[in-house]
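The chain contents come next:
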Amino acid sequence: MQEYQHILLALDYSDHGAMVAGKARALADSYQAKLSIIHVLDNIPMPDTNYGTVIPVDKNSGYELLEKEKARFMQLGRQLRVEPDNRWLIWGVPKQEIVRIAEQERVDLIVLGSHGRHGLALLLGATANSVLHYAKCDVLAVRLKDG
Ligand code: AMP
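Now for a description of the structure that goes with this document. (Residues numbered from 1 in each chain as written. Predicted model: local features only at pLDDT ≥ 70, side-chain atom pairs only at ≥ 80, totals over all residues. Heavy atoms only, no water.)

Focus: the packing of aromatic side chains
Threshold: The aromatic pairing rule takes the rings of Phe, Tyr and Trp, using the six-membered ring of Trp, and pairs them if the centres are within 6.5 Å, calling planes under 30 degrees apart stacked, those over 60 edge-to-face and the rest tilted. We count a stretch as a helix when DSSP gives it H or I for four or more residues in a row; a strand needs E for two or more, and each element gets its number in order from the N terminus. Relative accessibility under 20% of the residue-type maximum defines a buried residue, over 50% an exposed one, and the middle range a partly exposed one, all with a 1.4 Å probe and only protein chains included. Remark: a charge is flagged as sitting over a ring if the NZ atom of Lys or the CZ atom of Arg is within 6 Å of the ring centre and within 35 degrees of the ring normal.
Scanning the entire structure with this criterion turns up 1 aromatic pair. When the ring of Tyr4 is compared with that of Tyr31, the centres are 5.3 Å apart and the planes differ by 80°; the resulting orientation is edge-to-face. Here the residue Tyr4 occupies a position in the segment before β1 (6–10), and Tyr31 occupies one in helix α1 (residues 17–31), the gap between them amounting to 27 residues. In terms of burial, Tyr4 and Tyr31 fall into one category: buried. Positioned over the ring face of Tyr13 is Arg72, at 3.7 Å from the centre of the ring.

Examining the sheet that holds strand β4 (residues 109–115)
Convention followed: The pairing criterion for strands is at least two bridges between them, as found by DSSP. A fitted line through C-alpha atoms represents every axis, and for helices the fit uses only the stretch in contact; the resulting angles, taken between N-to-C directions, go from 0 to 180 degrees. Residue contacts are defined here by distance: any two heavy atoms, one from each residue, within 4.5 Å place the two residues in contact.
Pairing is parallel in the open sheet, where 5 strands are placed in the order β3-β2-β1-β4-β5. Strand pairing shows two members of the sheet lacking a second neighbour, β3 (87–91) and β5 (138–144), which therefore form its edges. Along the sheet, successive strands turn relative to each other by an average axial angle of 25°, direction set aside. For strand β2 (residues 34–41) and β3, the ladder comprises 5 bridges, and the chain directions are parallel. The residue bridging Leu41 from the neighbouring strand is Trp91, located in β3. Sitting on the sheet, α1 touches β1, β2, β4 and β5, and the angle it makes with β5 is about 140°.

Here we look at α1
Each α-helix winds once per 3.6 residues, and so residues spaced three or four apart point in a common direction. Formally: What a helix is expected to span follows from its residue count: subtract one and scale by 1.5 Å. Starting at the helix axis, one direction is taken to each C-beta atom, and the arc is that of these directions.
A rise of 1.5 Å per residue sets the reference length of α1, with its 15 residues, at 21 Å; its end C-alpha atoms lie 21 Å apart and thus fit the reference within 8%. The set of residues buried in α1 consists of Gly17, Val20, Ala21, Ala24, Arg25, Ala28 and Tyr31. Taken around the axis of α1, the buried residues stretch over an arc of 140°, which confines them to a single face. Exposed side chains of α1 directed beyond 90 degrees from the buried face belong to Ala18 and Ser30. Considering only its buried residues, α1 is in contact with β1, β2, β4 and β5. Backbone geometry just after α1 places Gln32 at a positive phi near 50°.

Structure (structure tokens):
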């Protein structure tokens with residue numbers, strides 16, 4: 001089997017995030033792959049800065065909410081032993097930005113959580129479903145149990 005060389009972990013800070021992150025870290029270790037992380041900000045207003053959609057994590061924005069998001073993201077990056085250059089904090093729509101950064105950075109495996117639902121079908125969550133559909137690389141959707 002061909003080994004993965006670059007794994008992208010999509011982080012959303014949900015209750016199950018640590019479990020998904022642990023799996024991504026373990027996979028990267030076992031393949032000796034580069035691990036990158038991405039968090040897409042879709043729930044805080046875009047402050048009036050000179051930045052584009054990619055937020056430079058090493059510069060001060062002067063915007064309190066954003067500084068908190070950055071601090072949380074950087075701490076997770078350190079815990080997961082992800083190099084600063086491989087941490088992506090971005091404004092936008094999660095499903096789009098995850099796929100875009102995966103292509104741009106030549107990722108060969110995206111790891112994210114999926115929300116298993118009961119009912120008509122085993123529907124994935126909106127983000128996982130869309131990433132699975134549009135990503136050009138492999139996608140590992142880690143099953144998350146609801147409730
Ligand atoms: P959902 O489809 O919204 O239930 O989310 C499924 C998975 O997509 C989560 O477990 C994360 O791995 C990823 N994800 C969701 N929202 C974001 C986000 N804002 N930034 C990065 N990854 C996300």
